[in-house]
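Architecture at a glance
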Amino acid sequence: MDRREFLRLAALAGAGAVLLPGCMAAPAREAPRADVGQGRPDAGGAPAPGELVVAEGREPAEMLARGLAALGGVGAFVKPGATVVLKPNFSVPRLPEEAATTNPHLVGALVRTCLAAGAKTVKVIEYPFTSPAICLEKSGIKAAVAAAGGQIYTLNGGRDRYFRAVQIGGRELAAAEYSKDVLDADVFINMPILKHHNGTRLTLGMKNLMGLVWDRGYFHRTDLHRCIAEAAAFKRPHLTILDAIRGITDNGPMGPGPIREWGQLVLGTDPVAVDAYGATLFGLKPADIDYIRIAAELGVGRMDVDKVTVKKA
Amino acid sequence: MDRRDFSKSAMKLPALRYGRTLLPASLLAAVVALVARHQYPLPADSGLLLWFSRLDPLLLVSYLRWEGAFPAWGWLPLATVLLTLAAGRVFCGWLCPLGGLLALMHDGRAFVRRRLGRGPGAGRPAWTDRLRPYRYHWLLALAALMLLGSGWVLYLSPFHLLTSELARLWRGEVPWMAAALLAAGLIAFPRFWCVYLCPTGLTLSLLARWRRWAVKAPAGCRRCGLCARACPTGAAAAGPAWAGADCLVCGRCAGVCPAGDFALAAGDDGHTAAAGGTFTRREVIRAGVALAVATAAAPALGRPAGAQPLRPPGALEEDEFLARCSRCGRCIKACPSKCLKAMPLSSGAASFLTPVIVPREARCELTQDCQRVCPTGAIASLPVEKAVIGLAEIDRARCIGWAEGKLCLLCQEQCPQHAIDSDKQDRPSVVNEKCVGCGACENGCPLEQPAIVVRPQPKRRRP
């Protein structure tokens, strides 16, 4: 990473916090709680005032612990007996060191953390577009989740088993077959990796939610960015944890490609803010990514990162 | 006369008595287990099946015919040949896994008959003996077919037939060939396949005519015929003193003999003499007919019919591929994405059961597992960059990027070889030099009828 870039960002964030105290109006710890237990958070409403937590480091489990602590602890999200669904990105057949899939240690650590917080079950799901067996194996996530005591499976081929028709209510995406696991979960945590994407420039949190829709081809046939934003408006994760430890900066999403290390974990309840912050790590303006801009317009969250508190964990 | 009886009572040892069933039956179980393990991630022991299959001299013949070079593992089938020249069809009686299946059937049948009080063994129906003169003509026809370029001959050899049927079972299909083989065993006798049809077995029978040591009846033989009834192949009936060339050296004859000890003995006073024989005019004519039939059938069984299919990466050119692929089904079983399918009979007799990639159902993940498990060399070991399964072709009139001006680029997103470029307007184009034809693009294309399709190419590898 660019230390300079980070400092600039931190300075901006600090300035924002000072100049715009309105953003801080809601106590930091209440924002996440507002979403808990809500099967379908109100997407059309005002952007959730909140904060982003950035944990820097190299050790995923330790970064996660710091990040969650800064958000008020995992207990703010996961109540005893809760069914937790995690959606990492292991859509491509790549090894962890190839930095095109969510860090397996991070996923394993979150499974362990949720179970320790009393979660009844922790399901880790993905809908890879290449062979599920290879993705499960190569990403290291299957082994990590199994070792942590969670369930892991892919949604491929399980149209009836894993998907349910719902009204999305978007202009382009009026209806879709959506992941039952996520619809029925008490807590849904999105765990994308920050990396290059050939079509949308970056794949981030909201792009990762595409893997919860049965017919992703529809997005490509109609309006990719708009569909991503509308699907995100339909179902906001309770928490997004962006793996920005290392990621490919070209040849994405498939990789392999040149790898950049940011050494950051970005946590937030506002999916748009997390993605917007991720875009700045890439040196892009959030509005450069159409789906971020459209999602902000739809009121899914705020993309003006300089107005969001970025808290260093 | 040099006669060394080196196993007088050995043939009645319990180890041999049970081993002759247990060993081949466990090898059968081992093959079933190894085929089961042909899946992602491919375990290192998958190589065991490869090596086990190499015991078959027919595979060496195929390699010599098509590679023109002696493979590094050539000593293994040669060891089988030497073993046969020494003591006959020991391979068939003790090591062949398909033989293990039929040995179980033989012993099961004998057991039931004993329980019903119908005497030891069941013998063979007389009509099967009348087929005997034709079996080497069958072998001759198969040899011609094999050398002319049909992989079907290798299919009939035990390792390939067995794994082909096991792979069919795993695909949820009916193993009709194994069913036919077992049905023939019920109607005729269990080892009918081994005596009359198996190309490997017949080749070894031919070699066994010149074997050094053969099973010999005891001096006090009373011609009671019990050994002939117990013999799984009818080799004991070829006697009186020496077992015929089909002898599996299993010792079941010794187990029932009331007169004394059978022995594995060397000698030229019987069994080798029987090998000589002269060719009658009738035999020559039959041989000519067999050759003519094989030559006539060769095109249908070895030449591609219609359009070239998409073969696994590393597959040889179509003619040679069809000549060498034994339809053993292991590549299809091992394929991690299940992009490999067995071609249906409707695709022609030559292509039936050979592996084909259907990208719309699944893409080739380029793991090269098919190359690793192929026993025949039909799918050669080849780096992915050198392979040309086919080349992707974009139909610009229908492609979303070209025809509708929208951002799609799903083909580019999913291409593992980065063989798709896009321009400023997000329109894709294929970089032929990088495309290996894995079908990820065709698989991913969001249109009902894909606008990017992998086309087969006449050359399947890059220089």
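1. Quick word on the overall build of chain A
For chain A, the count of helices and strands is 13 helices and 12 strands. Burial analysis of chain A (313 residues in total) assigns 60% to the buried set. Partitioning the intrachain contacts of chain A with sequence separation of at least 6 by distance along the chain shows that 73% fall at a separation of at least 24. Roughly 11000 Å² of accessible area belongs to chain A as shown, and the carbon and sulfur atoms make up 53% of that amount.

2. Some points on the sheet that holds strand 7 (residues 187-191) of chain A
Residues and elements named next belong to chain A. Strand order in the open sheet formed by eight strands is 4-3-2-7-10-11-1-12, with mixed pairing between adjacent strands. The sheet is open, and its two borders are formed by strand 4 (151-154) and strand 12 (309-312), each paired with just one other strand. Taking each pair of neighbouring strands and ignoring which way they run, the sheet shows an average axis angle of 25°. Alignment of strand 7 against strand 10 (residues 239-248), held across two bridges, turns out to be parallel. By the bridge assignment, N190 is partnered in strand 10 with T240. Where helix 3 (residues 60-70) meets the sheet, its contacts fall on strand 1 (51-56), strand 10, strand 11 (259-268) and strand 12, and the angle it forms with strand 1 comes to roughly 150°.

3. Structural notes on the interface of chain A and chain B
Each partner contributes residues to the interface: chain A has 23 residues there, and chain B has 22 residues. Summed over both partners, the interface of chain A with chain B buries about 1800 Å², with 56% contributed by carbon and sulfur atoms. Considering only the side of chain A, the residues that lose the most area to chain B are N198, H220 and R221 of chain A, jointly responsible for 33% of the buried surface there. Counting across the interface, chain A meets chain B through zero salt bridges.

4. Points about the packing of helix 4 (residues 75-87) of chain B against helix 13 (residues 199-208) of chain B
All names here are of chain B. In the contact formed by helix 4 and helix 13, the axes pass within 8 Å of each other and the chain directions differ by 45°. Here helix 4 is positioned oblique relative to helix 13, judged by the angle of their axes. Note on packing geometry: the crossing formed by helix 4 with helix 13 is right-handed. Where helix 4 abuts helix 13, its residues T80, V81, T84 and L85 lie against L204, L207 and A208. For the contact of helix 4 with helix 13, the class distribution of residues is five nonpolar, two polar and no charged.

5. Side note on the confidence of the model for chain A
Of all residues in chain A, 84% attain a pLDDT of 70 or more, and the chain-wide mean is 88. Contacts for the low-pLDDT stretch residues 14-48 of chain A, under 50 throughout, to residues beyond four places or in other chains number 45 contacts.

6. Examining the pattern of salt bridges
Residue and element names in this part refer to chain A. Enumeration over the complete set of coordinates arrives at 36 salt bridges over all chains. A salt bridge links D181 to K123; the shortest N-O distance between them is 3.3 Å. Placement of the pair is D181 in helix 8 (residues 180-184) and K123 in strand 3 (residues 121-126), with a sequence separation of 58 residues. The buried category is assigned to D181, whose relative accessible area is 9%. Its relative accessible area of 19% is what places K123 among the buried residues. Note that E177 and R159 form a salt bridge whose closest N and O atoms lie 2.8 Å from each other. Residue E177 is located in strand 6 (residues 175-179), and its partner R159 is located in helix 7 (residues 159-162); the two are separated by 18 residues in the primary sequence.

7. Describing the side chain of H137 of chain B
Here H137 of chain B lies in helix 8 (residues 135-148). Not counting the four nearest positions on each side in its chain, H137 of chain B is found in contact with E283, R286, A287 and A290 of chain B.

8. Observations regarding the nonpolar core
Core analysis: the biggest nonpolar cluster contains 72 residues, and W193, F321 and L340 of chain B have the highest contact counts within it. Per element, the largest residue contribution to this core is five residues, and it comes from helix 1 (residues 14-36) of chain B. Taken domain by domain, this core gets at least three of its residues from each of domain 1 (10-134 + 146-272) and domain 2 (389-455) of chain B. Counting 58 residues, the second largest nonpolar core, distinct from the first, contains V182, F282, V300 and V308 of chain A.

9. Quick look at a nonpolar patch on the surface
All names here are of chain B. Together, W127, L131, Y134, L186 and I187 line one region of the surface with nonpolar side chains, adding up to about 540 Å² of accessible area. Relative to the helices and strands, Y134 resides in the loop between helix 7 (126-131) and helix 8. Note on Y134: relative accessible area 43%, which makes it partly exposed.

10. Digging into helix 6 (residues 97-115) of chain B
Residue and element names in this part refer to chain B. When the terminal C-alpha atoms of helix 6 are compared, their 27 Å separation across 19 residues agrees well with the 27 Å that a helix rising 1.5 Å per residue should span. Residues of helix 6 that are buried: P97, L98, G99, G100, L102, A103, M105, H106, A110 and R113. Phi turns positive one or two residues past the end of helix 6, at G117, with a value near 70°.

11. Re the packing of aromatic side chains
Counting across every chain of the model gives 17 aromatic pairs over all chains. Pairing Y153 of chain A with Y162 of chain A gives two aromatic rings, centres 5.2 Å apart and planes at 15°, and the pair type is stacked. The two residues Y153 of chain A and Y162 of chain A agree in class, both being buried. Taken together through their ring pairs, the aromatic side chains of W127, F189, F192 and Y196 of chain B make up a single cluster. Its guanidinium or amino end placed over the ring of Y127 of chain A, R216 of chain A lies 3.7 Å from that ring's centre, counting from NZ or CZ.

Criteria and thresholds
- Residues numbered from 1 in each chain as written.
- Chains lettered and ligands numbered in written order.
- Predicted model: local features only at pLDDT ≥ 70, side-chain atom pairs only at ≥ 80, totals over all residues.
- Heavy atoms only, no water.
- Helix = DSSP H or I, 4+ residues; strand = E, 2+ residues; numbered from the N terminus.
- Buried < 20%, exposed > 50% of the residue type's maximum accessible area, 1.4 Å probe, protein only.
- Contact = heavy atoms within 4.5 Å.
- Areas by Shrake-Rupley, 256 points an atom, 1.4 Å probe, with all protein chains shown as cover.
- Pairing = 2+ DSSP bridges.
- Axes fitted to C-alpha atoms, helices over the stretch in contact; angles between N-to-C directions.
- Buried area = accessible area lost by both parts, 1.4 Å probe.
- Salt bridge = Lys/Arg side-chain N within 4 Å of Asp/Glu carboxyl O.
- Parallel < 35°, antiparallel > 145°, perpendicular 65-115°, else oblique.
- Left-handed = near helix turned anticlockwise from the far one by under 90°.
- Nonpolar A, V, L, I, M, F, W, Y, C, P; charged D, E, K, R; others polar.
- pLDDT = per-residue confidence, 0-100.
- Core = buried A, V, L, I, M, F, W, Y, C linked by side-chain atoms within 4.5 Å.
- Domains from an automatic or database assignment.
- Patch = residues over 30% accessible without salt bridge, like charges linked within 9 Å, V, L, I, M, F, W, Y side chains within 5 Å.
- Expected span 1.5 Å × (residues − 1).
- Phe/Tyr/Trp six-rings, centres within 6.5 Å; stacked < 30°, edge-to-face > 60°.
- Lys NZ or Arg CZ within 6 Å of the ring centre and 35° of its normal.

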